[in-house]
Amino acid sequence: MCGIVVYSGRGRDDAPALVLEGLKKLEYRGYDSWGITSVDRKGRVSTLKRVGKIGGADPRSVRKLLGSGSVAVGHTRWATHGGISERNAHPQFDCAGRIAVVHNGIIENYQELKAPLVARGHRFTSETDTELITHYIEEYMGKGLSLQEAARLVARRLKGRSAFVAVDTRSCRIAAARLGAPLIVGVGDKGRLFISSDVSGFLDHTKRVMYIDDNEMAALSGSGDRSRMPSFFEIGSGKRVRKRIITVGWKGGTESKSGYEHFLIKEIMEQKRTIAQAINQDDWRIRQAAGRIRNAFGVFIVGAGTAGRVCAAGEYLFSDIARKHVNSAVASEFASYRHYLTRKTLMIAVSQSGETVDLLDAIDVAKSKGARVLSLVNVFGSTLMRASDDYLMLNAGAEKAVASTKATTAQLSLLTLLAYATAGRLKDGKRLLLDTAAQVNDMLNPRYEDRIKRLARKLKGQKDIFVIGRGVNYPMAEEAAIKLQETSYIHAHGFAGGELKHGPLALVRKGSACIVMAANDDSKREIMGNAMEVRARGGYVIGVAPENSDVFDYWLKVPDAGSASPIVNIIPVQILAYHLALLRGINPDYPRNLAKSVTVK
Ligand code: M6R
């Protein structure tokens, strides 16, 4: 959560404009408030902070207020410590207004670190945990230390996953520390340097990057200095670290809405091709991963939120297709399984962003027990990708809407392919998934969307929506509920069809909406029985199924996709969630209180 973009150039650069442009690309990381501080050619320091999304910021008014200059530091915020206000937006400053700091993550020992500063007379002007970094740097520099050394000493004291960048607005020197949250240096031409929490913050200007690893920091000299190459250090020892420049091949996908009104619908429609892209992998890599799955003593598939639901579906896929027992776990709960992890365990970590802190913590647990980590990840160069022993890319292209759609079906596709490969049937898996991709391509047509729009009109006033499924479609029912919750703000609840009679049926009244995911598999007879139980109590039954039935009040046809049913079943619900959001006056791309990349616990 939170996005950081810093630019340090020389000469006649327009640093605030470059930072603004980069921050707009990172808006998905947080959109409560934003701020930019710049230093102009005469050394004048200006700061602009606003509540709300940076996407709406007009570059002309930003230029008017901040002018141009060769150094600027910016931040888009997802509030953790302190409410949403200009005062709490970053950059934060020390008492003298000299050190500007932007920060991502949480300082867990905040109270303990703040108290002595207050006792020594430092004035805090915000409620953020970030601000204490500025005051410590101020103290250390007051004792004659350089910015780099001061930032290093503060970084050593911080507990929790975070990253910060500190700019000395007098010398224009910059120090950036990574303590579990990503920070990447972009090396442009003519001494132009960027620092960002995501390569997309500067990818339009340079593809040459230097990764700051965990517990390391980077130091950039002032814009007037001759050597413009950053230097890197260990935070603990202060020892110099050598780094290579890596050229990023990843394009990040198209970042515009390509004519669509919202990223969400654009990304839903991109599923016409992303399923095929997800399985477009080197056979040897899939076979190698499948071999590891077969030979591991204990396999855990782990993810958070939607990715967690995909992992739960994966458990069924490996059982049904490969007769292989794998355990799925929600990332934030994974530590409870630590007693079962050994060097022979394989952890499959599933994530769109590769930056979800719950998952990164889960990996740490697995690694501490010597387990091997295979990640399925969408963002190239992400922390997850770099921390894994092996990785497979989802190839879905940039996913910007907070609600995951195309990455979800890419994850499902890749797990299905791995399950087939584990069963020694890679070719069968490929054939099935390519057929599914073609069927999804046909399904995503304007008439289909119109039919779902009509359903959305019927459901827009609902207080609750229930979703049921069985077998592999039980986790998909839960995922459907997540989609509806985060985009339409309607209370939605997904559960196993068989559980209905154990409690939730008491909530069903005349007109209660219930989506039934009825795949053409072993569970069909029973899930249809559950649908009838809802209907018998006056419920409004929406069937997501290859065939219509008298039990359905409304039918959303999906292809008969066999083992790929989770992929085709979730897509109509994604479209429904999108149209419910529009009808209820909600921006489907940016749900309240959420962020795309969840980098806090
Ligand atoms: O980037 P990740 O896949 O690791 O993200 C995990 C969850 O935060 C994410 O799936 C979240 O649940 C989405 N908002 C769901 O649409």
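Calculation rules
- Residues numbered from 1 in each chain as written.
- Predicted model: local features only at pLDDT ≥ 70, side-chain atom pairs only at ≥ 80, totals over all residues.
- Heavy atoms only, no water.
- Salt bridge = Lys/Arg side-chain N within 4 Å of Asp/Glu carboxyl O.
- Helix = DSSP H or I, 4+ residues; strand = E, 2+ residues; numbered from the N terminus.
- Buried < 20%, exposed > 50% of the residue type's maximum accessible area, 1.4 Å probe, protein only.
- Core = buried A, V, L, I, M, F, W, Y, C linked by side-chain atoms within 4.5 Å.
- Domains from an automatic or database assignment.
- Contact = heavy atoms within 4.5 Å.
- Phe/Tyr/Trp six-rings, centres within 6.5 Å; stacked < 30°, edge-to-face > 60°.
- Polar contact = N/O pair within 3.5 Å; in protein donor to acceptor, adjacent residues only side chain to side chain.
- Pairing = 2+ DSSP bridges.
- Buried area = accessible area lost by both parts, 1.4 Å probe.

1. Regarding the pattern of salt bridges
Summed over the entire model, instances satisfying the criterion amount to 32 salt bridges. Measuring nitrogen to oxygen at the nearest pair gives 2.7 Å for the salt bridge that ties R178 to D214. On the criterion of sequence distance, the pair formed by R178 in strand β8 (residues 174-179) and D214 in the loop between β11 (208-211) and β12 (216-220) is long-range, its members being 36 residues apart. For D214, a relative accessible area of 34% puts it in the partly exposed group. Put simply, K483 and E479 hold a salt bridge, and the shortest N to O gap is 2.7 Å. With K483 and E479 both in helix α15 (residues 473-488) and four residues apart, the pair spans about one turn of that helix.

2. Notes on the nonpolar core
Counting residues in each nonpolar core, the largest one holds 88 residues, and the members touching the most others are L376 and L484. Top contributing element to this core by residue count: helix α17 (residues 565-583), with 10 residues. Mapping this core onto the domain boundaries places at least three of its residues in each of domain 2 (253-443) and domain 3 (445-590). Not counting the four nearest positions on each side in its chain, L484 is found in contact with I465, V467, Y489, I490, A492, I515, V573, L576, A577 and L580. Core analysis: the second largest hydrophobic core is formed by 28 residues, L117, A166, A175 and A219 among them.

3. Digging into the packing of aromatic side chains
Per the counting criterion, the structure on display carries nine aromatic pairs. With 6.1 Å between their ring centres and 25° between their planes, F334 and Y337 make a pair best called stacked. The class for F334 is buried, based on a relative accessible area of 0%. Taking the centre distance of 6.4 Å and the plane angle of 65° together, the rings of F466 and F495 count as edge-to-face. Highlighted residues: F466 in strand β21 (residues 464-469) and F495 in strand β22 (residues 491-496), separated in sequence by 29 residues. Per residue, the accessibility class of F466 equals that of F495, and both read buried. Three or more aromatic residues link up through ring pairs in this structure, and these residues are F300, F334, Y337 and Y340.

4. Some thoughts on the environment of E131
With respect to the element layout, E131 can be found in helix α4 (residues 131-142). For E131, a relative accessible area of 0% gives the class buried. Considered as a pair, E131 and Q92 are 39 residues apart in the sequence and their alpha carbons are 5.5 Å apart. Not counting chain neighbours up to four residues away, the residues in contact with E131 comprise Q92, F93, R123, F124, T125 and S126. Polar contacts involving the side chain of E131 include one to the side chain of H135, which spans 2.9 Å.

5. Re the pairing of strand β6 (residues 99-105)
Most of β6 is tucked away, with seven of its seven residues classed as buried. Bridge count between strand β5 (residues 92-93) and β6: two bridges; the pairing is antiparallel. From the neighbouring strand, F93 faces β6, where its bridge partner is A100. In textbook terms, the turn of a hairpin is the stretch between consecutive antiparallel strands, and for β5 and β6 this stretch comprises five residues, one of which, G97, has a positive phi near 70°. Of the pairings in the sheet, the one linking β6 to strand β7 (residues 162-168) comprises seven bridges and is antiparallel in character. Counterpart to H103 in the pairing with β7 is F164.

6. Some points on the domain arrangement of the protein
Domain assignment breaks the protein into domain 1 (3-247), domain 2 (253-443) and domain 3 (445-590). On a C-alpha basis, the centres of domain 2 and domain 3 stand 24 Å from each other. With 37 residues of domain 2 at the contact, the number on the domain 3 side is 34 residues. When domain 2 packs against domain 3, the two sides together hide about 2800 Å² of surface, and 69% of this comes from carbon and sulfur.

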